[in-house]
Amino acid sequence: KKVFVVLAILAIASVAQAELLATWTFAGGAGTVTENATINADQVVFGDLVRTGLGQASTVAGQFSSNGWQDGGDVSFLVTLSAGYFISGATMNIASIQGSNTGPGTTEWQLNGSSVAGSSLTRTLSTTVSWNATIGTIGTGVNTLSIVGVGTANVTGGAMASAGSVRINDLTMNGEVTSIPEPATM
């Protein structure tokens, strides 16, 4: 009986509860991050959104956008975790993503330059949709999370234009900042 009680306590203690870790707000075309107070929050630092290799940014309040997605550019931010810590169950949630008909038809999340399986979003219209993607585990050290255009086709199937845009609103990250467990002895 004692073994079952111990196992039950361990099972309950090991259930991870995803928390809101960070929120990005947008003003004048810039993205500013607010870190949320969570367990082990002092072990992680989130960076502001930046554009790399993209064209003109929108100055519309409440959104973050760029054009020129055919240039292989991206929108990214850094997640830096102290030694011995990682984020489990990481998800990225965009309440509203929209773009022009000449912007990328498919975008995806990448973690440290590698595609995150199942994280792509394909749009067939320039209408607004939400985008919730599971990132999974983010490890110790400096990590880059990016939104990139995939392929060369725009929303309507033609080539992306230099003015093709993507606009995002209300970006949040959820997950749990966890310490790497010490090896146990039996």
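Residues numbered from 1 in each chain as written. Predicted model: local features only at pLDDT ≥ 70, side-chain atom pairs only at ≥ 80, totals over all residues. Heavy atoms only, no water.

With respect to empty space enclosed by the protein
A probe matching the size of a water molecule, rolled over the atoms, marks out where space remains unfilled. Within this structure, the stated rule accounts for two cavities of 30 Å³ or more. Taken as a whole, the largest cavity spans an internal volume of roughly 50 Å³. Looking at the lining of the largest cavity, the elements that each hand over two or more residues are β5 (64-67) and β13 (165-179). Considering only residue class, the lining of the largest cavity consists of six nonpolar, two polar and no charged. Each pocket or cavity is described by its volume, and for the second largest cavity that value is around 30 Å³. Around the second largest cavity, the lining residues are Leu-21, Glu-35, Asn-36, Thr-38, Ala-41, Val-44 and Phe-46. The residue makeup of the lining of the second largest cavity, split by class, is four nonpolar, two polar and one charged. (1 Å grid on protein atoms, 1.4 Å probe; cavity = no way out; pocket = protein on both sides within 12 Å on 5 of 7 lines; lining within 4 Å. Points joined across faces, edges and corners; volume = space filled by probe spheres on them. Helix = DSSP H or I, 4+ residues; strand = E, 2+ residues; numbered from the N terminus. Nonpolar A, V, L, I, M, F, W, Y, C, P; charged D, E, K, R; others polar.)

Things to note about the nonpolar core
Core analysis: the biggest nonpolar cluster contains 37 residues, and Trp-24, Phe-46, Ile-87, Trp-109, Ile-138 and Leu-145 have the highest contact counts within it. When residues of this core are traced back to their parent elements, those giving at least two are β1 (19-27), β3 (44-46), β6 (74-81), β7 (85-99), β8 (106-111), β11 (129-138), β12 (141-149) and β13. The dominant element in this core, judged by the number of residues it contributes, is β7, at six residues. (Core = buried A, V, L, I, M, F, W, Y, C linked by side-chain atoms within 4.5 Å. Buried < 20%, exposed > 50% of the residue type's maximum accessible area, 1.4 Å probe, protein only.)

Observations regarding the environment of Thr-34
Along the chain, Thr-34 turns up in strand β2 (residues 30-35). We classify Thr-34 as partly exposed; its relative accessible area is 42%. Considered as a pair, Thr-34 and Ala-22 are 12 residues apart in the sequence and their alpha carbons are 5.6 Å apart. Not counting the four nearest positions on each side in its chain, Thr-34 is found in contact with Leu-21, Ala-22 and Thr-23. (Contact = heavy atoms within 4.5 Å.)

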